[in-house]
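# Topology and contacts: notes
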Amino acid sequence: MSQAQEDSLRIVLEPNEGHGEPVSLELKAGGSVATLGRGAKNVLAINLPGISNTHVELRLLKPPSGGQVSAAHLRIKDLSSNGTGLQGSKSIKEPAKLKKDTDTPLIDGSVIVLPLRSKVKTPDSQARVTLRVLEKEPEKPKEVAKESKKKGEKNVAPEEKPKEHKKTKEVTPAKEDKKEAKVKDSKKDKKEKEKEKDKEKEKAKEKEKAKE
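Computed from a prediction, not measured in an experiment: that's the story for all the values here. (Residues numbered from 1 in each chain as written. Predicted model: local features only at pLDDT ≥ 70, side-chain atom pairs only at ≥ 80, totals over all residues. Heavy atoms only, no water.)

A general feature of soluble globular proteins is that nonpolar side chains tend to end up buried together. Counting residues in each nonpolar core, the largest one holds 27 residues, and the members touching the most others are I11, L13, L27, L58, L74, V129 and L131. If you tally residues by element for this core, the top one is strand β11 (residues 127-133), at 4 residues. With sequence-adjacent residues up to four places away left out, V129 is seen in contact with L13, E14, P15, L36, L44, I46, S110, V111, I112 and L114. (Core = buried A, V, L, I, M, F, W, Y, C linked by side-chain atoms within 4.5 Å. Buried < 20%, exposed > 50% of the residue type's maximum accessible area, 1.4 Å probe, protein only. Helix = DSSP H or I, 4+ residues; strand = E, 2+ residues; numbered from the N terminus. Contact = heavy atoms within 4.5 Å.)

Let's shift gears to the pattern of salt bridges. Under the definition given, this model contains 5 salt bridges. With a shortest N-O distance of 3.3 Å, R10 and E26 are connected by a salt bridge. On the criterion of sequence distance, the pair formed by R10 in strand β1 (residues 8-15) and E26 in strand β2 (residues 23-28) is long-range, its members being 16 residues apart. Owing to a relative accessible area of 34%, R10 belongs among the partly exposed residues under this scheme. By relative accessible area, which is 46% here, E26 ends up partly exposed. E14 is paired through a salt bridge with R132; the nearest N and O atoms lie 3.5 Å apart. Of this pair, E14 sits in strand β1 while R132 sits in strand β11, placing them 118 residues apart in sequence. Residue E14 is classed as partly exposed on the basis of its relative accessible area of 29%. (Salt bridge = Lys/Arg side-chain N within 4 Å of Asp/Glu carboxyl O.)

Next up on the list: the sheet that holds strand β8 (residues 96-97). Here 6 strands make up an open sheet; going across it, the order is β2-β1-β11-β10-β7-β8 and the pairing antiparallel. Only two strands of the sheet have a single partner each, and these edge strands are β2 and β8. Examined bridge by bridge, strand β10 (residues 111-114) and β11 share 4 bridges and lie antiparallel to one another. Considered in β11, the bridge of I112 is made with V129. (Pairing = 2+ DSSP bridges.)

Below, the discussion takes up the sheet that holds strand β4 (residues 44-45). In spatial order, the strands read β4-β3-β5-β6-β9; together these 5 strands make up an open sheet with mixed pairing. Looking along the sheet, the strands with just one partner apiece sit at the ends: β4 and β9 (104-105). Pairing of strand β3 (residues 34-37) with β4, which is carried by 2 bridges, proceeds in the parallel orientation. Within β4, the residue paired with L36 across the bridge is L44.

In structure tokens form, the structure reads like this:
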């Protein structure tokens, strides 16, 4: 956390309906004040009869002995002519009158009522501003990148290449001719052998006739 963040406090001022929009601001410990009133230069301007140009101011005190700033160091001071009231967030009692020109402690959820006195008291003759203290977000630790495999992660097998089919040898026409020629030759040989056998048989018959 930086030094600037340690010495400051962010608050939100939430006026009741009809008296403006919520305002978020940051108060620095021992720094400038934030004012509420009818004037346009205030952090929250409320235009109602009986409200002074600068009605109240808010400040953040420096903590003693360099301690950490908190909502306990918030103060409110009445600067008005018609007074300022302070009430708890859930209080049903009449708002307590602030002592003029005196710092008064504030707590988260306090309701600031202004003006406290008015000629005609109606629900719309007074503004009620609720103070909220915003909590500081803790700084996130820097993440250290770690290179590690996740547990249970399955090893992905490398992709297998498709098997190449062996090509069948094509029989060329020349080879087919050779085969046919061989078949023909074998047939010729058989015929010639048969002729020779027939001749030998005839010769044998002739010899037998000659002997007779």
